[in-house]
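Coordinates in review
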Amino acid sequence: MRAFDYHQAVDSGQAVEQAVRRDGAKYLGGGTNLVDLMRETVERPEMLIDVTALSRDIDETDAGGLMIGAGVTNAAVAGDARVRLRYPLLSRAILTGASAQIRNMATVGGNLLQRTRCAYFYDVAASCNKREPGAGCDAREGFNRYHAILGASSSCVATHPSDMCVALAALDARVHLLGPEGERELAFNDLHREPGERPELETELRPEELITAVELPPLPMAVRSEYRKVRDRASYAFALVSVASMVELDSNTEDETIADVRLALGGVATKPWRAWQAEAVLRGQPATEETLAAAADAELAVAEPLSGNAFKIELARRVMIAELSQRIVDARKGGES
Amino acid sequence: MKWTINGHVREAEVDFRTSLLDLLREHFQLSGTKKGCNQGACGACTVLLDGQRINACLALAVQVQGRDIMTVEGLAEGDALHPIQAAFVEHDGFQCGYCTPGQICSAVGLAEEFERGLPSAVTKDLVASDIEPSHDELRERMSGNLCRCGAYNGIVAAVADSLGREVRR
């Protein structure tokens, strides 16, 4: 690990000022990813600005949603009674990620900005365009079972590792930022970038911008939302495929139709993947197996397999159909009660 | 820098690069907390930070200044083992013993999470506050602690037993 300076920020404004003043400064959340990457010398910050003491509350918003401070731990979000009741997919997504120890340390802001777990990104002896722009990509012809089938480019096929972010993508969350120019908001789905030719640029954050909060909009159908994660072992492993989903039915019409739906995928894409194509096929259509299959196929039409991950296309298709089917069953029950 | 470790205020001036794990082992000679993978994968370094279990290898000492840290050395009261330690002995919750301090600290954190009614990934009803500590629940909640000897059956029996004891007390 390279030597660095440490500063404990007392408020968000002061944290940003400190970051502006110092080249090579990075914000420090729980450290569960950053400290590990520093130890591998993948990350070499000259200064850490500790922001874990800032914005540690979860508050109701006037709109009827929740405002989650960026410094709240993953465990505290997952355990919050309001999140468990109103946004169960978010609790479930967080609880399927990492271990209890890591969830107790990791913050919301840090989870959003965690780096890929591509082994070639971690291995400083390997070629990686994300770590060293222009170096090449050893994953493309390497061990790429865990890599992306969606949103990849010739320069990078690394997946975004977060479970929490897949839930936030489905929920249309908003990200609150503070930078040298002041506050602004981003739609969560606009935060992360696809790699294209610049895989080292992972988000739309501007220099020195700090994530201060994540806002969940009110979304009544999220009461029946769920998150399912498929992986190589039952616990404490990254996703091969994960699916966040919720469905609202319209039973007033002759044929029962899908009034509204949210669908997002993890483990298969270079960013938390909102399944816009599938949603477009589903909305307003009869809630039948044929519709679900057509939706899954529409989303995966552009999927591009690598040497070791073609199985993910069929796996993603099956898990999407199974999950949407279950949400429809749940929505019918919910409609009756 | 200052920390409260096992109830005692301890001070040291250390390089910012020092992890909490190295602080405990190298500066305060508390070698009960083990270094396994040093990258957050094995759980051998599990300690309690303000009562919550964390991986000491992923925390910087500077980052947890002023906080309350409990290690395996702080659990027993004199010669009287903590109920979870006693349960590990009774159920053979170990073979070589290297992962054991982390397993035990993790189980202490787990008990506190159960008391607060917190769900896990395998909890069917996320809204429920009274969650049965089933075999599946315990395996899931202890998944951050690996045991290369494979003493998991004994570990789960010990954790289940200690939760029962705490309920009965």
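Thoughts on the overall build of chain A
Across its full length, chain A carries twelve helices and twelve strands. On C-alpha atoms alone, chain A measures out to a radius of gyration of 20 Å, which is about the 20 Å that the 2.2 N^0.38 rule sets for 337 residues. Expressed as a percentage of its 337 residues, the buried residues of chain A come to 54%. Long-range contacts, defined as pairs at least 24 residues apart, comprise 66% of the intrachain contacts of chain A with a sequence gap of at least 6.

Some thoughts on the overall build of chain B
Looking only at helices and strands, chain B features five helices and five strands. In sequence order, the secondary structure elements of chain B are arranged as β-β-α-β-β-β-α-α-α-α. Its C-alpha atoms give chain B a radius of gyration of 16 Å, within 12% of the compact-globule value 15 Å for 169 residues. Reported as C-alpha extents along the three principal axes, the dimensions of chain B are approximately 45 × 35 × 30 Å. Put simply, 58% of the contacts in chain B that link residues at least 6 apart link residues at least 24 apart.

Some words on the sheet that holds strand S2 (residues 25-28) of chain A
Residues and elements named next belong to chain A. The three strands lie next to each other as S1-S3-S2, forming an open sheet whose pairing is parallel. Whereas interior strands pair on both sides, the edge strands pair on one side only; in this sheet they are strand S1 (5-8) and S2. The sheet shows a mean angle of 25° between the axes of neighbouring strands, direction not considered. The pairing of S1 with strand S3 (residues 47-50) spans four bridges and is classified as parallel. Paired with Tyr6 across the two strands is Leu48, which belongs to S3.

Quick notes on the domain arrangement of chain B
Residues and elements named next belong to chain B. Its domain assignment divides chain B into domain 1 (2-74) and domain 2 (83-168). On a C-alpha basis, the centres of domain 1 and domain 2 stand 21 Å from each other. On the domain 2 side, the residues contacting the 15 residues of domain 1 number 13 residues. Broken down by element, the side of domain 1 that touches domain 2 gets its largest block of residues, three residues, from strand S3 (residues 46-49). A class-by-class count of the residues in the side of domain 1 that touches domain 2 yields six nonpolar, seven polar and two charged.

A closer look at helix H2 (residues 83-90) of chain B
Residues of H2(B) that are buried: B:Pro83, B:Ile84, B:Gln85, B:Ala87 and B:Phe88. Phi turns positive, to about 50°, at B:Asp92, one or two residues after H2(B).

Considering the interface of chain B and chain A
Facing the 27 residues of chain B at the interface are 26 residues of chain A. Put simply, the parts of the chain that give the side of chain B that touches chain A at least two residues each are strand S4 (52-55), helix H3 (100-115) and helix H4 (135-141) of chain B. With four residues, S4(B) is the largest single contributor of residues to the side of chain B that touches chain A.

Describing the sheet that holds strand S6 (residues 174-179) of chain A
Two strands in a sheet stick together by hydrogen bonds in their backbones, pointing the same way (parallel) or opposite ways (antiparallel). Residue and element names in this part refer to chain A. In spatial order, the strands read S4-S5-S8-S6-S7; together these five strands make up an open sheet with antiparallel pairing. This sheet does not close on itself; its edge strands, each paired only once, are strand S4 (58-60) and strand S7 (182-187). Strand-to-strand twist across the sheet, computed as the mean angle between neighbouring axes with direction ignored, equals 25°. Inspection of the sheet shows S4 paired to strand S5 (residues 66-69) by three bridges, in the antiparallel sense. If you follow Glu60 over to S5, its bridge partner there is Leu66. Set on the sheet, helix H1 (residues 12-21) makes contact with S6 and strand S8 (210-216); between it and S8 the angle comes to about 140°.

Quick word on the nonpolar core
Within the largest apolar cluster, 152 residues are counted, with the highest numbers of intra-cluster contacts made by A:Leu89, A:Leu90, A:Val166, A:Ala167, A:Ala170 and A:Leu171. Those residues in contact with A:Val166 that sit more than four places away from it in its chain are A:Ala93, A:Tyr227, A:Ser242, A:Ala244, A:Ala264, A:Leu265, A:Gly266 and A:Pro272.

A few points about unusual backbone geometry
With the exception of glycine, most residues fall at negative phi, and the peptide bonds are largely trans. With a phi angle near 40°, A:Ser55 is a residue other than glycine that sits in the positive phi range. Its location among the elements puts A:Ser55 in the loop between S3 and S4. Residue classification places A:Ser55 among the buried positions, given that 25 C-beta atoms sit within 10 Å. Phi is positive for B:Asn38, close to 60°, though the residue is something other than glycine. For B:Asn38, the position within the fold is in the loop between helix H1 (20-27) and S3.

Overview of the domain arrangement of chain A
Domains assigned within chain A are domain 1 (5-52) and domain 2 (223-336). Spacing between the C-alpha centres of domain 1 of chain A and domain 2 of chain A amounts to 37 Å.

Considering the environment of B:Arg53
Note that B:Arg53 resides in strand S4. For B:Arg53 and B:Ser162, which are 109 residues apart along the polypeptide, the C-alpha to C-alpha distance reads 17 Å. Discounting chain neighbours no more than four positions away, the residues touching B:Arg53 are A:Ala100, A:Gln101, A:Asn104, B:Thr46, B:Leu48, B:Cys105, B:Ser106 and B:Gly109.

Some details on the pairing of S4(B)
Residue and element names in this part refer to chain B. Note that S3 and S4 share four bridges and pair antiparallel. The residue of S4 that forms the bridge with Leu48 is Arg53. Connecting the antiparallel pair S3 and S4 is a turn made up of two residues, with Asp50 showing a positive phi of about 50°.

Observations concerning the pairing of strand S10 (residues 241-250) of chain A
Successive residues of a regular strand alternate their side chains across the two faces of the sheet. Residues and elements named next belong to chain A. The buried fraction of S10 amounts to eight of the ten residues, a majority that puts the element mostly inside the structure. Looking at chain direction, strand S9 (residues 226-230) and S10 are connected through five bridges and run antiparallel. Of the residues in S10, the one forming a bridge with Tyr227 is Ala244. In this sheet, strand S11 (residues 257-266) lies alongside S10 in antiparallel orientation, the contact comprising nine bridges. What sits directly across from Met246, in S11, is Arg262.

Some points on helix H11 (residues 289-300) of chain A
Residues and elements named next belong to chain A. Helix length check: H11, at twelve residues, gives a terminal C-alpha distance of 17 Å against a target of 16 Å (1.5 Å per residue), a fit within 8%. Buried within H11 we find Leu292, Ala295, Ala296, Glu299 and Leu300. The buried residues of H11 occupy an angular sector of 125° when projected down its axis, which confines them to one face.

Parameters and conventions
- Residues numbered from 1 in each chain as written.
- Chains lettered and ligands numbered in written order.
- Predicted model: local features only at pLDDT ≥ 70, side-chain atom pairs only at ≥ 80, totals over all residues.
- Helix = DSSP H or I, 4+ residues; strand = E, 2+ residues; numbered from the N terminus.
- Rg over C-alpha atoms; globule rule 2.2 N^0.38 Å.
- Buried ≥ 20, exposed ≤ 12 C-beta atoms within 10 Å, placed from the backbone.
- Contact = placed C-beta atoms within 7 Å.
- Pairing = 2+ DSSP bridges.
- Axes fitted to C-alpha atoms, helices over the stretch in contact; angles between N-to-C directions.
- Domains from an automatic or database assignment.
- Nonpolar A, V, L, I, M, F, W, Y, C, P; charged D, E, K, R; others polar.
- Core = buried A, V, L, I, M, F, W, Y, C linked by C-beta atoms within 7 Å.
- Expected span 1.5 Å × (residues − 1).
- Arc of directions from axis to C-beta.

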